[in-house]
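Letter by letter, the chains look like this.
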Amino acid sequence: MKKVMLVAVMALGTMTAFAQEEVTEEATANLEEVAAEAVEAQDGFNEVALEELPEAITQALEAAHPGASVAKAYMNEQSQYKLEVTKEDGEQVELYADAEGNWLEM
């Protein structure tokens with residue numbers, strides 16, 4: 001009987017440890033997501049779908065950085081866009097443009 005109780009206690013302890021680990025990973029992921037949203041709101045840019053990018057911006061990107069692709073796009077209240085871009089050589093850069101495709105220094 002002592003062996004059965006000992007095995008049960010050890011099994012319960014192991015299950016509790018795994019459950020805590022899962023909760024910790026989940027909480028960490030949620031915290032990272034909230035932090036990312038706070039940074040977006042703080043700089044005034046909110047994420048937009050890539051399909052919503054004006055054609056002028058995609059044309060300007062192709063002209064200035066052939067082969068580059070936009071990973072994420074953000075827009076602020078002044079219709080200025082922040083683009084997370086991966087260049088053809090793999091370099092990742094942040095670019096800013098207005099709705100007409102003019103590059104901005106920010």
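About the cut-offs
Residues numbered from 1 in each chain as written. Predicted model: local features only at pLDDT ≥ 70, side-chain atom pairs only at ≥ 80, totals over all residues. Heavy atoms only, no water. Pairing = 2+ DSSP bridges. Helix = DSSP H or I, 4+ residues; strand = E, 2+ residues; numbered from the N terminus. Polar contact = N/O pair within 3.5 Å; in protein donor to acceptor, adjacent residues only side chain to side chain. Contact = heavy atoms within 4.5 Å.

Turning to the sheet that holds strand β3 (residues 80-86), a few remarks are in order. The pairing of strands in a sheet happens through backbone hydrogen bonds and is either parallel or antiparallel. Spatial ordering of the open sheet is given by β1-β2-β3-β4-β5, a layout of five strands whose pairing is antiparallel. The open sheet has two edge strands with one neighbour each: β1 (46-48) and β5 (103-104). In the sheet, β3 pairs with strand β4 (residues 92-98) via seven bridges, with the strands oriented antiparallel. Within β4, the position partnered with E84 by the bridge is E94.

Attention now goes to the side chain of N76. Within the secondary structure layout, N76 lies in the loop between β2 (69-75) and β3. In this structure the side chain of N76 is engaged in a polar contact, spanning 2.8 Å, whose partner is the side chain of Q80. Setting aside chain neighbours within four positions, we find N76 in contact with G44 and F45.

Function cannot be inferred from these measures alone, as they are strictly geometric.
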